[in-house]
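# Structure at a glance
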Amino acid sequence: MLKKILSLVSNSNFNGVYDSALSSEECKLLIAQFEKGIHVPGESGRGVNISDKDTLELPNLRFSDSSVISNTILSRLDPCLSQYCDSYKPCLYKSYLKVNDVYTFSKFDKGGGFKRWHSEQGPGNISDRALVFIFYLNNAKSGTEFLYYPTVKAKEGRCIIFPASYTHTHRSEINKNLKYIITGWISLL
């Protein structure tokens, strides 16, 4: 049994990809909510710096606000997170995880993105983050590029979940057209 578990772990990149996590209608609704809001330049952990992160975002988003955006994402994240935990039982158990209240909703124009290689843990970052999730809201021609693993392409309704550590250093693939994403974090209790 242990050999089987070790085989599962050693043959995985720990990137969970869940297509159709959001319906096309939900994606359109979320994009419409974004476009109705007030937008601010995205911050990269080093303040606003478009050479690091060239994006527009909705400010101060929290799941506790019970907005249409928050309720939609939380209801769709839970099944993805359950599947992720089922796939990687030797590593994580859902009962020890908590979705962080703060999240981001970003719009990247052509040429935009989070261009700097980064991970969610390390100097200057919030260290209690265990996992990252991203929902892609449209079929963009760019996705999330990983330093050590294959790029995950943006696809309308797709959710990806991956570890927040240096092993999953990532950035936006060079953005070739408009892309909308919602990003959040999951911490260990």
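Because the structure is a prediction, the values reported are computed rather than measured.

Moving on, we get to the packing of helix H2 (residues 24-36) against helix H3 (residues 68-87). Running from N to C, H2 and H3 cross one another at 145°; their axes reach a closest spacing of 10 Å. Two packed elements cross with a definite hand, and for H2 against H3 that hand is left-handed. Touching Glu26, Leu29, Leu30 and Gln33 of H2 are Val68, Ile69, Thr72, Ile73 and Arg76, all from H3. Taken together, the residues of the contact of H2 with H3 sort by class into 5 nonpolar, 2 polar and 2 charged.

With 20 residues, H3 should cover 28 Å at 1.5 Å per step; its first-to-last C-alpha distance of 29 Å lies within 8% of that length. At Leu77, H3 is deflected by roughly 25°, the largest bend along its length, and proline Pro79 occurs up to four residues later in sequence. At its buried positions, H3 is contacted by strand S1 (16-18), H2, strand S5 (97-108), strand S7 (129-136), strand S9 (159-163) and strand S11 (179-188).

Moving on, we come to H2. Between the first and last C-alpha of H2 there are 19 Å, a value that for 13 residues agrees with the 18 Å anticipated at 1.5 Å per step. Looking only at H2, the buried set comprises Glu26, Cys27, Leu30, Ile31 and Phe34. On an axial view of H2, the arc spanned by its buried residues comes to 135°, and they lie on one face. Across H2 from its buried face, at more than 90 degrees, point the exposed residues Glu25, Lys28 and Lys36.

How each quantity is defined
- Residues numbered from 1 in each chain as written.
- Predicted model: local features only at pLDDT ≥ 70, side-chain atom pairs only at ≥ 80, totals over all residues.
- Heavy atoms only, no water.
- Axes fitted to C-alpha atoms, helices over the stretch in contact; angles between N-to-C directions.
- Helix = DSSP H or I, 4+ residues; strand = E, 2+ residues; numbered from the N terminus.
- Left-handed = near helix turned anticlockwise from the far one by under 90°.
- Contact = heavy atoms within 4.5 Å.
- Nonpolar A, V, L, I, M, F, W, Y, C, P; charged D, E, K, R; others polar.
- Expected span 1.5 Å × (residues − 1).
- Bend = angle between axes of the 7 residues up to and from the residue.
- Buried < 20%, exposed > 50% of the residue type's maximum accessible area, 1.4 Å probe, protein only.
- Arc of directions from axis to C-beta.

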